[in-house]
Amino acid sequence: MKKDVRKAVIAGNWKMNKTPAEATAFIEELKPLVADASCDVVICVPFVDLQNALDATKGSNIKVGAENCHWATNGAFTGEVAAPMLAEMGVEYVVIGHSERRAYFGETDETVQMRTRAAIDNGLKVILCVGEVLEQREQGITEEVVGLQTKVALGGVSKEELKNIIIAYEPVWAIGTGKTATPEQAEEVNHYIRTVIAKLYDDEAAEAITIQYGGSMNAKNAEELVGKVDVDGGLIGGASLKSADFATIVAAASK
Ligand code: PGA
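Structural notes, computed from the coordinates. Residue positions within a chain follow its written sequence, with the count starting from 1. Thresholds applied to this predicted model are a pLDDT of at least 70 for local features of residues and 80 or more for the giving and counting of side-chain atom pairs; totals over whole chains, interfaces and linings are not thresholded and use all residues. As a convention, hydrogens and water are excluded, and side-chain values are obtained from all of the structure's heavy atoms.

### A few points about the nonpolar core
Here comes step 1: Ile-167 and Ile-197 are the most contacted members of the largest nonpolar core, which totals 69 residues.
Here comes step 2: A per-element tally of this core places helix H11 (residues 243-253) first, with six residues.
Here comes step 3: The contact definition used throughout considers only heavy atoms, calling two residues in contact when any of these lie within 4.5 Å. Not counting chain neighbours up to four residues away, the residues in contact with Ile-167 comprise Leu-128, Val-130, Thr-150, Leu-154, Ile-193, Ile-197, Ile-209, Thr-210, Ile-211 and Gln-212.
Here comes step 4: Among buried residues, those of type Ala, Val, Leu, Ile, Met, Phe, Trp, Tyr and Cys that are joined through side-chain atoms within 4.5 Å constitute a nonpolar core. Relative accessible area decides the class of each residue, using a 1.4 Å probe on protein chains only: under 20% of the type maximum gives buried, over 50% gives exposed, and in between gives partly exposed. In terms of nonpolar packing, the next biggest core, distinct from the first, is built from 11 residues, Val-9, Ala-11, Ile-127 and Leu-235 among them. Strands here are runs of E lasting at least two residues and helices are runs of H or I lasting at least four, both read from the DSSP assignment and numbered beginning at the N terminus.

Following this line, the structure appears as structure tokens:
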């Protein structure tokens, strides 16, 4: 498996942080810091920040994503946002299946699959999150859990459509806890996910797909993590909220 066939993607996941005005100010600060990046740079922001983010990133190398989308095109789903709405705005990416959606908002492998389908059908690029909780790791069933999440989410996704999917391996025990997976742990699971893709599709698809690591990645540990052969960048929560830290991570993935 060759790492240099894939472009690393560093994506910020702001979660429920920053108002629209704060988003604009942050992006103005970030733009010069990441202008020379050789990896892809994405910021995934709250729905209400999207327009400001699109305006502020115009003409720069920073791409904009949403943090979720619904599976229906429209309808009686109070509080939800549909994929065509995001696509019409010019949003390029969407995070699907984040562990916080799974833990607090009833997201299941099936709804992750439906949302992934809607995103793909509307031309959005998906950052698909998978990951085990601590008990599952301790039970030794990480591969089973992550494998199943990946297989269900990709049900019905063709090899051609897979080009618009990034997988983010995010061990739930590492998210927002300051407890990062070791580079070896990240590599092990990322590599396993690649073998799942090879079985579902073929070796070519497995070599081409970007698989990120996420979970307490920061300015200090990023270089070692993204240096691993199967770790193609990262999905960054806390450290994406500070421009200098996020830029350091982008620089680490640009080496
Ligand atoms: P964290 O979050 O970097 O704050 O651990 C990562 C994520 O939830 O995507």
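Past the structure itself, the notes keep going.
### A look at the pattern of salt bridges
Here comes step 1: Within this document, salt bridges are pairs made up of a side-chain nitrogen of Lys or Arg and a carboxyl oxygen of Asp or Glu, the two lying within 4 Å of each other. Counted according to the given criterion, the structure contains 20 salt bridges.
Here comes step 2: The residue Glu-107 makes a salt bridge to Arg-115 at a minimum N-O spacing of 2.6 Å. Both residues of the pair, Glu-107 and Arg-115, count as buried.
Here comes step 3: Between Glu-132 and Arg-137 there is a salt bridge, with its nearest N and O atoms 2.7 Å apart.

### Digging into unusual backbone geometry
The phi torsion of most residues other than glycine is negative, and most of the peptide bonds are trans.
Here comes step 1: The backbone of Lys-18 sits at a positive phi, close to 80°, despite the residue not being glycine.
Here comes step 2: Among the secondary structure elements, Lys-18 is positioned in the loop between strand E1 (9-13) and helix H1 (20-34).
Here comes step 3: In this structure, Ser-216 is a non-glycine residue whose phi angle is positive, near 55°.
Here comes step 4: In this fold, Ser-216 is placed in the loop between strand E7 (211-214) and helix H10 (222-226).

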